[in-house]
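# Coordinate analysis (summary)
Now for the letters of each chain:
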Amino acid sequence: MLAYLIRRLLYAVPILIGVNVITFALFFVVNTPDDMARMQLGVKHVTPEAIEKWKAERGYDKPLFWNAAASGAGKLTETIFFEKSLKMFALDFGRADDGRDIAREIRQRMGPSLAVAVPVFVLGLFAAISFALLLVYFRATYLDFAGVVLCVAMMSVSSLFYIIGGQWLVAKVWHLVPISGYGEGLSAAKFIVLPVVISVLAGLGASARWYRTIFLEEITRDYVRTARAKGLSERLVLFRHVLRNALIPILTGAVVLIPSLFMGSLLIEAFFGIPGLGSYTIEAINAQDFAVVRAMVFIGSALYILGLLLTDISYTIADPRIRLQ
Amino acid sequence: MKFVLLWSDFLFFLLVAGGVIFGLWARRVEHQRAAWRKVGQSRVGMAAATVLVLFLAVALLDSVHYRERLPGEGEHYAVEVRSVLDALLTPLRTRPEKTYSAPLATHSFAKENIAGEGRDFPRLKFGGAHLGEALSRHGADIALRCAQGLGLGAVAGLALWLAGLPLRRRAPHLAWDAVFVTLGVFCLIAGPLAMLAQGYHVLGTDKVGQDVLYLTLKSIRTGLLIGTLTTLIMLPAAIFLGILAGYAGGWIDDVIQYLYTTLNSIPGVLLIAAAVLMMQVMIDTHPQWFSTSAERADARLLALCAILGLTSWTGLCRLLRGETLKLRELEYVQAARALGVSSGRILTRHILPNVMHLVIIAIVMDFSGLVLAEAVLSYVGIGVDPNTISFGTMINTARMELAREPMVWWSLTAAFVFMFVLVLAANLFADVVRDAFDPRLAR
């Protein structure tokens, strides 16, 4: 088990290097730092001196890969690739283009992101699985059919509609919660309720339908017939046998998302003014702050790879037959 | 008049032509024909397909672009690029109001200072202008136009039904009822809309006074383009690499797997954001590449498709690799290899046709997700050019209006309803296609 985990972690290294090279190519080769400087400075202020100054302030004035002017190991380290890309492996993200420390921002904004993302994840999973089990319990009846139609209709509605509509109805017409914002400690609860409910609702259609197909596939198996033949009630069959055996496909889809919860949700956080990592990313995109976007891409990939690893571990817990070696 | 072929038009027509060629091929191959017949027999499938074809027709009309010839001596053409749809909708396009007006309104939405009368709601320039001073006839006029439209729609529906009779006789086993019921409903909705649109702004006007119905119809092309071109762009790479990885194995397999694992591990939105940001810088620093603003917006749309394709080919590639791994060990492939058939021929003759169902399922399943993604991305600011009319840009410009009192609800509602119909039809069609093609579900 331990050897397997170490091997998997080592596998992650080349993938992260690949991610690094891709983002580096995107940000520094497709467009030169000069282009970025021109973009940031705006049309009016573009002079060669201003561009040089902008680049020097942010450390973009070095060569890309090989610094012939430096001495010793500096030939490799005093380059953009080393300073901006490789240092991320040491979780050193440097400064945003507006001069603020990225790592500090991330630490500060992680809390609000998690405060929304964790309840969404847990409640969403619970709601989708219960709804799917309900449909499976009433399978091949009109209730099941209506439920599936509802699922398809729900997944055909744009997530923007859920957010805009929910905000309008609950916050503006009914005045139940504030429209947007965030508070410290427990006072945050009233800001979080609406985004959580809306996210759960927006994801329910697609995931409930997905779980329903998984359960239906499981229910045709022989062990289910055996369980019924020995006289178990339908409820026991569903909860004790089908649910447990359907855990593997459920875990495959769910566990991989857990680490990514740190990143928050772009849309929800932007709409509800929650100062998390999602809205940080959106602000960076709108301000064209490349350093922040680069850092977020790296963190996102690292968390995804961690998620894959967790998925493998969760298999061994859910199904004792699976051994990792 | 001078025809203009934008790159996206070209690719869109290419795609339609590809679809037709594929259809002709599928007619000749027995298992393809059997699967499509299943789709044709499904009532839901045929109704959804009819809706999709109607959307496609609007998009195609909107893809034939031209520049009008300016009056006067010599060869001079207008800078503005128009489409056939623009020409058909001239009354909607050329009658802008000053600002917001509610659906079917005769007066503006906001009060204004009118000379000599103080503050009041001014009359619209075009909405209900034919009524003149007889405003009391407003309701009766709308009812009359609705009735006329319904009558016209009923006649048109009946005509379509009669025209479809030979089709039914030729292929009696297909679910034609669903098709004609859908067409009838469409006629009954389109008739009143068309009659009302001649005198009013049926869905109101937006902030700068543009007709919302016109905007929604124009959005259809953008949505369809993103839904289809993205798949078209990613398909060759996904098919080629997936089959190659599965068939060749060894280091080729390792390299391809590494490639898609790496791309897949970058969160989709972030990769798209990064790529779109870079593309924006590139387009902004090279203004000399585009001669008209339509071309620039078009290039941006295509680049968005390419970027979305870049992030979405990995799933299909992995599926195809797995399927090819399975097929490679089957007897008929081994027999072909034993008989000395070349690898290239095995791949194209024996493997490719047998993974085609996965490709078809992927195409139809991805479509609705891409249409929805366009709206979200445009909202975040990493979607289409802000000047391109799309569902996303419509929602983006309209969302602040909910805060107004009283509320401006019509442009948001129009965008969401059209998007819902399109995506719902696509989802239903995708389900039917998947059921027909998935061998696991075949009985």
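See the structure shown above.
Residues numbered from 1 in each chain as written. Chains lettered and ligands numbered in written order. Predicted model: local features only at pLDDT ≥ 70, side-chain atom pairs only at ≥ 80, totals over all residues. Heavy atoms only, no water.

It is worth spelling out the overall build of chain A at this point. What chain A contains, in helices and strands, is 15 helices and zero strands. If one aligns the C-alpha atoms of chain A with their principal axes, the spans along those axes are about 80 × 55 × 35 Å. Looking at chain A residue by residue over its 325 residues, the buried ones come to 46%. Relative to all contacts within chain A whose residues are 6 or more apart in sequence, the contacts with residues 24 or more apart total 67%. Of the accessible surface of chain A, which amounts to about 16,400 Å², a share of 68% is contributed by carbon and sulfur atoms. (Helix = DSSP H or I, 4+ residues; strand = E, 2+ residues; numbered from the N terminus. Buried < 20%, exposed > 50% of the residue type's maximum accessible area, 1.4 Å probe, protein only. Contact = heavy atoms within 4.5 Å. Areas by Shrake-Rupley, 256 points an atom, 1.4 Å probe, with all protein chains shown as cover.)

The next thing to look at is the overall build of chain B. A tally of regular secondary structure across chain B gives 15 helices and five strands. In terms of overall dimensions, chain B has a C-alpha envelope of 95 × 60 × 50 Å along the principal axes. The buried share among the 443 residues of chain B stands at 48%. Put simply, 71% of the contacts in chain B that link residues at least 6 apart link residues at least 24 apart. Counting every atom, chain B has about 21,200 Å² of accessible surface; 66% of that belongs to carbon and sulfur. Of the side chains in chain B, 39 bear a positive and 33 a negative charge, and the two mean positions are spaced by 7 Å. (Lys, Arg positive; Asp, Glu negative; His and termini not counted. Charge placed at Lys NZ, Arg CZ, Asp CG, Glu CD.)

Here the focus is the packing of aromatic side chains. Residues and elements named next belong to chain B. Evaluated as defined, the whole model comprises 11 aromatic pairs over all chains. Considering the side-chain rings of Trp7 and Phe10, the 5.9 Å spacing of their centres and the 90° angle between planes classify their relative orientation as edge-to-face. Separated by three residues within a single helix, Trp7 and Phe10 lie in helix α1 (residues 7-28), roughly one turn from each other. Put simply, the rings of Tyr100, Phe109, Trp409 and Trp410 touch in pairs and so form one group of aromatic residues. (Phe/Tyr/Trp six-rings, centres within 6.5 Å; stacked < 30°, edge-to-face > 60°.)

Facing 45 residues of chain B, the contacting portion of chain A comprises 42 residues. The junction of chain B with chain A conceals about 3,800 Å² of combined surface from both sides, 76% of it contributed by carbon and sulfur atoms. Summed over the shared surface of chain B and chain A, the number is one salt bridge. Between Asp431 of chain B and Arg209 of chain A there is a salt bridge whose closest N-O contact spans 2.5 Å. Taken together, the connections running from chain B to chain A amount to four residue pairs in polar contact (both at pLDDT 80 or more). Mapped onto the side of chain B that touches chain A, the elements with two or more residues apiece are α9 (250-265), α10 (268-285), α13 (343-380) and α15 (410-437) of chain B. Per element, the largest residue contribution to the side of chain B that touches chain A is 13 residues, and it comes from α10 of chain B. (Buried area = accessible area lost by both parts, 1.4 Å probe. Salt bridge = Lys/Arg side-chain N within 4 Å of Asp/Glu carboxyl O. Polar contact = N/O pair within 3.5 Å; in protein donor to acceptor, adjacent residues only side chain to side chain.)

On to the pattern of salt bridges, then. Pairing is possible between side chains of opposite charge, provided their charged atoms come close. Residues and elements named next belong to chain A. Summed over the entire model, instances satisfying the criterion amount to 24 salt bridges over all chains. Here Arg8 and Asp312 are joined by a salt bridge, their closest N and O atoms 2.3 Å apart. Linking Arg8 in helix α1 (residues 2-29) with Asp312 in helix α15 (residues 290-318), this pair joins segments that are 304 residues apart in sequence. Classification of Asp312 by relative accessible area gives buried; the value is 13%.

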